[in-house]
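What follows is each chain in one-letter form.
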Amino acid sequence: MSTWCQVFPDTSGKKIHLLDRVAVRSDSYKQTEGQTLLRPDLLLPSCLHCGGFQKRLVAAVMWFSSGGTKSLLHNDNVDNINCLFAGSKELYFVEYPKYKKQVNLDNRMGSYSAVDVDRVNLTKYPGLQNVEFHYARMEAGDCLYIPYKWYHQVRSYDRNIAVNVWWTPLLEFNTTDCKHSKVKGLPTFDKYNFLKEEDDLPEANDMKEYFQNLLGKDTSTTLDQLITKMQSDTSLIIPGLGWVAKLDEVAGKLFDVLDVDKDSFVTQEDFDSLDDVTVDRLSDVATELEEALDEQLVAFGGDSVETYEDNDVVTGKAGKAKEEL
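Residues numbered from 1 in each chain as written. Predicted model: local features only at pLDDT ≥ 70, side-chain atom pairs only at ≥ 80, totals over all residues. Heavy atoms only, no water.

## A closer look at the nonpolar core
Step number 1: Grouped together as the largest cluster of nonpolar side chains are 27 residues, with contacts concentrated most on Phe-211, Met-230, Leu-254 and Leu-289.
Step number 2: Within the residue set of this core, elements represented by two or more residues are α2 (207-215), α3 (223-232), α4 (245-258) and α6 (276-300).
Step number 3: In terms of residue count, the dominant contributor to this core is α4 (seven residues).
Step number 4: With 22 residues, the next largest nonpolar core counts Leu-91, Met-138, Trp-150 and Ala-162 among its residues. (Core = buried A, V, L, I, M, F, W, Y, C linked by side-chain atoms within 4.5 Å. Buried < 20%, exposed > 50% of the residue type's maximum accessible area, 1.4 Å probe, protein only. Helix = DSSP H or I, 4+ residues; strand = E, 2+ residues; numbered from the N terminus.)

## A look at unusual backbone geometry
Step number 1: Tyr-96 connects to Pro-97 through a cis peptide bond whose omega is 5°.
Step number 2: For Pro-97, the location among the structural elements is in the loop between β5 (79-94) and β6 (133-139).
Step number 3: One non-glycine residue, Ser-264, lies in the positive phi region at around 75°.
Step number 4: Inspection of the secondary structure puts Ser-264 in the loop between α4 and α5 (268-273).

## A word on the state of the cysteines
Step number 1: For the coordinates displayed, the defined rule picks out one disulfide.
Step number 2: Disulfide pairing places Cys-83 opposite Cys-143 at an S-S distance of 2.0 Å. Looking down the S-S bond of the Cys-83 and Cys-143 bridge, the torsion is 115°, so its handedness is right-handed. Here Cys-143 lies in strand β7 (residues 143-146) and Cys-83 lies in strand β5, a separation of 60 residues in the sequence.
Step number 3: Accessibility expressed as a relative area gives 0% for Cys-83, which makes it buried. (Disulfide = S-S within 2.5 Å.)

## Side note on the environment of Leu-128
Step number 1: By the secondary structure assignment, Leu-128 is in the loop between β5 and β6.
Step number 2: With relative accessibility at 10%, the residue Leu-128 sits in the buried group.
Step number 3: Sequence separation between Leu-128 and Asn-104 is 24 residues, and the spatial gap between their C-alpha atoms is 8.3 Å.
Step number 4: Those residues in contact with Leu-128 that sit more than four places away from it in its chain are Leu-73, Gln-102, Val-103, Val-115, Val-120, Leu-122 and Phe-133. (Contact = heavy atoms within 4.5 Å.)

## Considerations on the packing of α3 against α4
Step number 1: Packing of α3 against α4 leaves a shortest axis separation of 10 Å and a crossing angle of 120°. Between α3 and α4, the angle falls in the class oblique. Crossing handedness for the pair α3 and α4: right-handed. Each of Leu-223, Leu-226, Ile-227 and Met-230 in α3 lies in contact with α4, whose residues at this interface are Asp-248, Ala-251, Gly-252, Leu-254 and Phe-255. (Axes fitted to C-alpha atoms, helices over the stretch in contact; angles between N-to-C directions. Parallel < 35°, antiparallel > 145°, perpendicular 65-115°, else oblique. Left-handed = near helix turned anticlockwise from the far one by under 90°.)

## Observations regarding the pattern of salt bridges
Step number 1: Under the defined criterion, the tally for this structure stands at 10 salt bridges.
Step number 2: We note a salt bridge from Glu-90 to Arg-137, for which the minimum N-O separation is 3.2 Å. Here Arg-137 lies in strand β6 and Glu-90 lies in strand β5, a separation of 47 residues in the sequence.
Step number 3: For Glu-90, a relative accessible area of 16% translates into the label buried.
Step number 4: Across the pair Lys-262 and Asp-256 runs a salt bridge, and its minimum N-O distance is 3.1 Å.
Step number 5: Judged by its relative accessible area of 48%, Lys-262 is partly exposed.
Step number 6: Judged by its relative accessible area of 37%, Asp-256 falls in the partly exposed class.
Step number 7: One salt-bridge network, in which partners are shared between bridges, spans Lys-246, Glu-249, Lys-253 and Glu-288. (Salt bridge = Lys/Arg side-chain N within 4 Å of Asp/Glu carboxyl O.)

## Topic: the packing of aromatic side chains
Step number 1: This structure, assessed with the given rule, holds six aromatic pairs.
Step number 2: With a centroid separation of 6.2 Å and 85° between ring planes, the pair formed by Tyr-96 and Tyr-148 is classed as edge-to-face. One end of the pair, Tyr-96, is in the loop between β5 and β6; the other, Tyr-148, is in the loop between β7 and β8 (151-167), with 52 residues separating them in the sequence.
Step number 3: With a centroid separation of 5.9 Å and 70° between ring planes, the pair formed by Tyr-96 and Tyr-151 is classed as edge-to-face. With Tyr-96 in the loop between β5 and β6 and Tyr-151 in strand β8, this residue pair connects regions lying 55 residues apart in the sequence.
Step number 4: The structure contains a cluster of three or more aromatic residues connected by ring pairs, namely Phe-53, Tyr-145 and Trp-167.
Step number 5: Positioned above the aromatic ring of Phe-194 is the side chain of Arg-39, whose terminal nitrogen or guanidinium carbon lies 4.1 Å from the ring centre. (Phe/Tyr/Trp six-rings, centres within 6.5 Å; stacked < 30°, edge-to-face > 60°. Lys NZ or Arg CZ within 6 Å of the ring centre and 35° of its normal.)

## Considerations on a nonpolar patch on the surface
Step number 1: A cluster of nonpolar residues, Tyr-92, Phe-133 and Tyr-135, forms a patch on the protein surface that exposes about 310 Å² of accessible area.
Step number 2: If you trace the backbone, Tyr-135 turns up in strand β6.
Step number 3: Classification of Tyr-135 by relative accessible area gives partly exposed; the value is 44%. (Patch = residues over 30% accessible without salt bridge, like charges linked within 9 Å, V, L, I, M, F, W, Y side chains within 5 Å. Areas by Shrake-Rupley, 256 points an atom, 1.4 Å probe, with all protein chains shown as cover.)

## Some words on the packing of α2 against α3
Step number 1: Running from N to C, α2 and α3 point in directions that differ by 100°, and their axes come no closer than 10 Å. It follows from the interaxial angle that α2 and α3 lie roughly perpendicular. Contact with α2, carried on its side by Phe-211, Leu-214 and Leu-215, involves Leu-226, Lys-229 and Met-230 of α3 and no other residues of that element.
Step number 2: Each residue belonging to the contact of α2 with α3 can be placed in one class, and the counts come to five nonpolar, no polar and one charged. (Nonpolar A, V, L, I, M, F, W, Y, C, P; charged D, E, K, R; others polar.)

Structure below.
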């Protein structure tokens, strides 16, 4: 996949290196302007061209810095392929869900841990001494697959430019789809549709807005109707995936929080009456919702029903920039 990482098509027919387009000073970082500016220049990795992956693309993001940066230990609610154009990276991984109970993500809604990766406090994070770590080093031209929710920590060296692609995982691979590709010419990013922002599963602090949009305005919703709408929301539940009792339990808790006046209906008046304390309760139940979705996937197969919200927290002298393409 080194060709994908190094050379890009141009409308003039010439081959132009991305490194000629992006310059990063040694003491700062830059971002490209315009979210879709580079999509015609980037080739989608061949393993995502068919089989259903191409229909579940969430985002393509460019990361660039002058090096000397490191991320916190975190995970993402999507599958990920990261391709490096310049510099080098070191990555440490911990398998999910095998070590789910041992890795303490202090900010559960942010999906990251505040652990000092250079000096791990095993008193505060005792579970980390009992986990198995996997190590990978990337050089320019390498692409690396990062599985859904695997915990990882990244260090970047030298002038660093990378692009990663997020997608929601498949329950099964469509082999016949690969025999009839409809993409003509080079499979650049601009030839594929990425999930709209409003299709993404919201973070916990957006739960109020999410459910308000799900239930609709000027309506009265019962618990059974809430469950039905959750079951039909493809940003929450992968079509064809079964429903588990834990989701009924969580739906009941969500309904109890949203039904402020306790009249067995959720209305616009209830949403208008939600205060900060109640919204915080929604955040707590959102954690249970995530666990219920994990239980559902274990029961019926697959890996993820969630889509990307940026949770990477980066530290270091130069900092790091990202731009959604």
